[in-house]
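Architecture at a glance
These are the residues of each chain, in order.
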Amino acid sequence: MDSLIETEVLVIGCGIAGATTALLLANQGVDVTLVTHAAALQDRNNTYLAQGGIVYQGVADSPQQFEDDILRAGAQMCHPRAIQILAEEGPSAVREILMDELRVSFDKTRHGNLSLVREGSHSVARILHGQDATGRVIFKAYQEVLLKHPHIQLLTGYTVIDLMSPSHHSKNIQERYRTQSCVGAYVLDQNKDRVVTCLAKKIVLATGGLGQIFLRTTNPVGARGDGLAMAYRMGGRIMNNEFIQFHPTTFFKKGAPSFLISEAVRGAGAKLVDADGVPFMKKYDPTWQDLASRDVVSRSIYQEMLMQDLSHVYLDLRSYLSANEISEKFPNMVRACLEQGVDPACDWIPVVPAAHYACGGVWVDDWGKTSIEHLYAVGEVSCTGVHGANRLASTSLLEGLVWGRRAAQHIAEHLKVTQKPQAADYPAWQNTGERHADPVLVKQDFDLIRNIMWNYVGLIRTTDRLERAYRELKYLEFEIERFYQTMRLNDDLIGLRNAIGVALIVATAARRNKTSLGCHFRIS
Ligand code: SIN
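Thresholds applied
- Residues numbered from 1 in each chain as written.
- Predicted model: local features only at pLDDT ≥ 70, side-chain atom pairs only at ≥ 80, totals over all residues.
- Heavy atoms only, no water.
- Helix = DSSP H or I, 4+ residues; strand = E, 2+ residues; numbered from the N terminus.
- Rg over C-alpha atoms; globule rule 2.2 N^0.38 Å.
- Buried < 20%, exposed > 50% of the residue type's maximum accessible area, 1.4 Å probe, protein only.
- Contact = heavy atoms within 4.5 Å.
- Areas by Shrake-Rupley, 256 points an atom, 1.4 Å probe, with all protein chains shown as cover.
- Lys, Arg positive; Asp, Glu negative; His and termini not counted.
- Charge placed at Lys NZ, Arg CZ, Asp CG, Glu CD.
- Near = heavy atom within 4 Å.
- Polar contact = N/O pair within 3.5 Å; in protein donor to acceptor, adjacent residues only side chain to side chain.
- Phe/Tyr/Trp six-rings, centres within 6.5 Å; stacked < 30°, edge-to-face > 60°.
- Lys NZ or Arg CZ within 6 Å of the ring centre and 35° of its normal.
- Pairing = 2+ DSSP bridges.
- Axes fitted to C-alpha atoms, helices over the stretch in contact; angles between N-to-C directions.
- 1 Å grid on protein atoms, 1.4 Å probe; cavity = no way out; pocket = protein on both sides within 12 Å on 5 of 7 lines; lining within 4 Å.
- Points joined across faces, edges and corners; volume = space filled by probe spheres on them.
- Nonpolar A, V, L, I, M, F, W, Y, C, P; charged D, E, K, R; others polar.
- Core = buried A, V, L, I, M, F, W, Y, C linked by side-chain atoms within 4.5 Å.
- pLDDT = per-residue confidence, 0-100.
- Salt bridge = Lys/Arg side-chain N within 4 Å of Asp/Glu carboxyl O.

Examining the overall build of the protein
- Helices and strands together make up the secondary structure of the protein, namely 16 helices and 16 strands.
- The C-alpha atoms of the protein give a radius of gyration of 22 Å, which matches the 24 Å a tight globule of 524 residues would have.
- The principal-axis extent of the C-alpha atoms belonging to the protein is close to 70 × 50 × 40 Å.
- For the protein, the proportion of its 524 residues judged to be buried stands at 59%.
- Put simply, of all contacts in the protein between residues at least 6 apart along the chain, 76% involve residues at least 24 apart.
- Here the protein has roughly 20,800 Å² of accessible surface; of this, 49% comes from carbon and sulfur atoms.
- Placing the 55 positive and 57 negative side-chain charges of the protein at their respective mean positions leaves the two points 2 Å apart.

Focus: the site of the ligand
- For the ligand, the full set of nearby residues is Gly52, His247, Leu260, Ser262, Glu263, Arg294, His356, Arg391, Ala393 and Ser394.
- Take Gly52: an N or O atom from its main chain is 2.9 Å from an oxygen atom of the ligand.
- Within the side chain of Arg294, one N or O atom sits 2.9 Å away from an oxygen atom of the ligand.

Concerning the packing of aromatic side chains
- Under the criterion given, the structure shown has seven aromatic pairs.
- With a centroid separation of 5.7 Å and an interplanar angle of 80 degrees, the aromatic rings of Phe214 and Phe246 are classed as edge-to-face. With Phe214 in the loop between strand E8 (194-205) and helix H7 (226-233) and Phe246 in strand E10 (residues 244-251), this residue pair connects regions lying 32 residues apart in the sequence. Each member of the pair, Phe214 as well as Phe246, is classed as buried.
- Pairwise contacts between aromatic rings join Phe214, Phe246 and Trp454 into one cluster.
- When the ring centre of Trp367 is taken as reference, the NZ or CZ atom of Arg406 above it lies at 4.2 Å.

Side note on the pairing of strand E7 (residues 184-189)
- For E7, the tally of buried residues reaches six of six residues, placing the bulk of the element in the interior.
- Side-chain alternation along E7 places Gly184, Tyr186 and Leu188 on one buried face and Ala185, Val187 and Asp189 on a second face that is also buried.
- As paired strands, strand E6 (residues 158-164) and E7 are joined by six bridges and run antiparallel to one another. Of the residues in E7, the one forming a bridge with Leu163 is Ala185.
- Counted between consecutive antiparallel strands, the loop separating E7 from E8 contains four residues, among which Asp193 sits at a positive phi close to 50 degrees.

Quick notes on the environment of Leu317
- With respect to the secondary-structure elements, Leu317 resides in the loop between strand E12 (313-316) and helix H11 (323-329).
- The spatial distance from the C-alpha of Leu317 to the C-alpha of Asp347 is 8.2 Å, given a sequence separation of 30 residues.
- If near-sequence neighbours (up to four positions away) are discounted, Leu317 is found in contact with Val265, Ala270, Ile326, Met333, Pro344 and Ile349.

Observations regarding the sheet that holds strand E11 (residues 271-273)
- Reading across from one edge, E10-E13-E12-E11 is the order of the four strands in this open sheet, with antiparallel pairing throughout. Among the strands making up the open sheet, the edge pair consists of E10 and E11. Ignoring strand direction, the axes of neighbouring strands in this sheet form an average angle of 45 degrees.
- Two strands pair when backbone bridges link them, and E10 and strand E13 (residues 349-358) are joined in this way by six bridges, in the antiparallel orientation. In the sheet register, Phe251 faces E13, and the bridge partner there is Val351.

Describing empty space enclosed by the protein
- Under the criterion given, the structure shown has four cavities of 30 Å³ or more.
- Considering only enclosed or pocket space, the largest cavity measures out at about 60 Å³ in volume.
- The wall of the largest cavity is formed by Leu188, Asp193, Arg194, Val195, Trp429, Asn431, Thr432, Arg488 and Leu489.
- Of the residues assigned to the lining of the largest cavity, the class counts are four nonpolar, two polar and three charged.
- Quantified by volume, the second largest cavity comes out at close to 50 Å³.

Considering the sheet that holds strand E16 (residues 382-383)
- Here three strands make up an open sheet; going across it, the order is E9-E14-E16 and the pairing mixed. The open sheet has two edge strands, strand E9 (238-239) and E16, and neither has a second partner.
- Where strand E14 (residues 361-363) meets E16, two bridges bridge the pair, whose relative direction is parallel. Paired with Trp363 across the strands is Cys383, a residue of E16.
- Here H7 sits on the sheet in contact with E9 and E14, set at roughly 45 degrees to E14.

Some details on the nonpolar core
- Of all hydrophobic cores here, the largest spans 73 residues; its most connected members are Leu163, Leu205, Leu210, Ile213, Ile449, Met453 and Leu473.
- Sequence-distant contacts of Ile213, that is, excluding residues within four places in its chain, are made with Ala223, Phe446, Ile449, Arg450, Met453, Ala499, Val502, Ala503 and Val506.
- Within the second largest apolar cluster, 59 residues are counted, among which are Val30, Val94, Ile152 and Leu415.

Description of the confidence of the model for the protein
- With 100% of its residues at a pLDDT of at least 70, the protein reaches an overall mean of 96.
- Ranking the elements of the protein by mean pLDDT puts helix H2 (residues 46-49) last, at 90, and strand E15 (residues 375-377) first, at 99.

Observations concerning the side chain of Asp61
- In this fold, Asp61 is placed in the loop between strand E3 (54-55) and helix H3 (63-73).
- A polar atom in the side chain of Asp61 sits 2.7 Å from the side chain of Arg126.
- Not counting residues within four places of it along the chain, the set of residues in contact with Asp61 comprises Phe66, Val124 and Arg126.

Some remarks on the pattern of salt bridges
- For the coordinates displayed, the defined rule picks out 30 salt bridges.
- One salt bridge in this structure joins Lys420 and Glu6, with 3.4 Å as the shortest N-O distance. Here Lys420, found in the loop between helix H13 (396-414) and helix H14 (439-456), pairs with Glu6, found in strand E1 (residues 4-12); they are 414 residues apart in sequence, far enough to count as distant.
- Here Lys420 falls in the partly exposed class, since its relative accessible area comes to 47%.
- A salt bridge links Glu89 to Arg406; the nearest nitrogen and oxygen atoms lie 2.6 Å apart. Of this pair, Glu89 sits in helix H4 (residues 80-101) while Arg406 is found in helix H13, placing the two residues 317 residues apart along the sequence.
- Judged by its relative accessible area of 22%, Glu89 falls in the partly exposed class.
- Here the salt bridges share partners, and the residues they tie into one network are Arg44, Arg224, Asp226 and Asp491.

Shown next as structure tokens:
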């Protein structure tokens, strides 16, 4: 393959949102190039890691009831049209794409019906799951078809450096007067250490979230906000970026890896307890208790830790669920805990909150279109307005599916009338430098970002902390940009540049918004 790729549609990222767009377009004969910076499709993939499930529809449920739950969790800040789309189209998208086309096998009851569970802030049981590894079950079904689809060129180990626009990159200087539009991307082929120019009629950002800019996170290594940083650099509209959701329960043990303990565990009856085993959520939310929205539960945990000087609290399963129930419903969680010497059937699980989901992102409309012509965004990188100030559990896979399908539909309808960018108009990438960046410095800078964001832009925010974060991040940005301009690019350096970009986006949004709402909580 030479260093130019010309394709009809370039999809960047292959979680449920990107995979859906790619698959539905390819099924119509559209040539799609799907790139991921991971070495293998499932690596660095938030969809693959999702434990809890995907919203379907409960018995005696209705789209209106689901909308009400989303709105309540989102602190009434959700976009009404977006939640209506999600609630009305969600069940058919799950049925048609996941069940009928991909044959995903969700868990069933003893009587052969779909097993529906309840999670925080849902008024009824309406969530489908595949044990406690729902994302993995869904992802494997996609993987099987994506890998052998004749209209999909799948490139692993390809890191997008920047999006390309005629106004920035065209050799024709008159292009700068045109509306901002996207024609492709410069992409680092990690395996061959060269930069490929990838030109496309339509470009879809599906790069996922940004949890890795925080010290504690449920997100995989690649979640460093690549898509948000690139769209912002190009001048795209972004919004709601102060609303970072912290998941209340991730496994905590000094020196051990942290991992998500699904909300489905509390949905099944487990309770949060303090060091003496006393449940505490009733004190903070007498109605919803352990199933209150995530922002409420996370702050309650933080408050308990502060008051009792604890490094963590606990999840008590053993008092509320039988040993059989625990191992049958949550086998992967049990395995991960046992590896760390904690047996959920006998011990309380030590937990702390961690950064989990970016409710904001790149602004998109009902069809996943961004404010930049020919550029779409789907999944966590985008902001449809569904999540408002705080996301309702198990809506993210569904949003990726619904908007992945909508973007595919819009692209298919407009592809024929979209002009193909001409390779002769665009220069090849110019290497910034030959010297390799010192990996110790790159890692150290990333760790600094994570610490600043965790300590000053975390669960509880104050003016002083946000001001400090902003100043320190600004200084780091200067250093990292100098690095980026002079060193030979690799995936880590590209990710670091994106991470400092999105850290500043989040810190700036949090600093500007003085009103506490949902998961943006300020005490001064
Ligand atoms: C969980 O299983 O608790 C996470 C699922 C989600 O974030 O929706």
